[in-house]
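# Architecture at a glance
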Amino acid sequence: QVQLVESGGGLVQAGGSLRLSCAASGRTFSAYAMGWFRQVPGKEREFVAGISWNGGSTDYKDSVKGRFTISRDNAKNTVYLQMNSLKPEDTAIYYCAAFRGVVVTTLPSEYDYWGQGTQVTVSS
């Protein structure tokens, strides 16, 4: 069992930055690949970024490449999403998720555990 708690969301102007954190409970955090997803009302949850169990492999949604960076600290059981050059279209609820596997997957259905989400709002 893994519990995930996101933090770091908020309101920021376009061009600004935020860093999201996701703290995981349990002793087997390093056994999970981790992902960040986002969702706006009326739309499906979409993959934003993912990282393998040891941080050696990452993947990003095309529209965030070069602006967002995912990282993890297995000693702290935490995964991060650094978001720079934010745009109004990045506004969403952001969720972190854990997948019991070593590689990154972009499919929400593959993930075993989810956090409660944190709101990110980017004003123009």
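See above for the structure.
Residues numbered from 1 in each chain as written. Predicted model: local features only at pLDDT ≥ 70, side-chain atom pairs only at ≥ 80, totals over all residues. Heavy atoms only, no water.

## What to know about the nonpolar core
If you look at the biggest cluster of nonpolar residues, it comprises 28 residues, and the most contacted ones within it are Met34, Trp36, Leu81, Met83 and Tyr94. Put simply, the parts of the chain that give this core at least two residues each are strand S3 (18-24), strand S4 (33-39), strand S5 (46-51), strand S7 (68-73), strand S8 (78-83), strand S9 (92-99) and strand S11 (118-123). Other than its neighbours up to four places away in sequence, Met34 contacts Leu4, Cys22, Phe29, Ala49, Gly50, Ile51, Ile70, Arg72, Val79, Ala97, Ala98 and Tyr111. (Core = buried A, V, L, I, M, F, W, Y, C linked by side-chain atoms within 4.5 Å. Buried < 20%, exposed > 50% of the residue type's maximum accessible area, 1.4 Å probe, protein only. Helix = DSSP H or I, 4+ residues; strand = E, 2+ residues; numbered from the N terminus. Contact = heavy atoms within 4.5 Å.)

## A look at the side chain of Ser52
Mapped onto the elements, Ser52 comes out in the loop between S5 and strand S6 (58-60). Non-local contacts of Ser52, meaning those with residues more than four positions away in its chain, are made with Ala33, Ser57, Arg72, Val102 and Val104.

## Points about the environment of Leu18
Topologically, Leu18 is positioned in strand S3. Take Leu18: its relative accessible area is 15%, and that puts it in the buried class. Separated by 30 residues in sequence, Leu18 and Val48 have C-alpha atoms that sit 15 Å apart.

## Brief notes about the state of the cysteines
Counted by the stated rule, this structure contains one disulfide. Note that Cys22 is cross-linked by a disulfide to Cys96, the S-S spacing being 1.9 Å. Judged by the sign of its S-S torsion, about 45°, the cystine formed by Cys22 and Cys96 is right-handed. Placement of Cys22 in strand S3 and of Cys96 in strand S9 is noted, with a sequence separation of 74 residues between them. (Disulfide = S-S within 2.5 Å.)

## What about the sheet that holds strand S1 (residues 4-7)?
Reading across the sheet, the four strands line up as S1-S3-S8-S7 and stay open at both edges, with antiparallel pairing between neighbours. Edge positions in the sheet fall to S1 and S7, since each has one partner strand and no second. Sheet twist, expressed as the average angle between the axes of neighbouring strands with direction ignored, equals 15°. Examined bridge by bridge, S1 and S3 share four bridges and lie antiparallel to one another. Considered in S3, the bridge of Ser7 is made with Ser21. (Pairing = 2+ DSSP bridges. Axes fitted to C-alpha atoms, helices over the stretch in contact; angles between N-to-C directions.)

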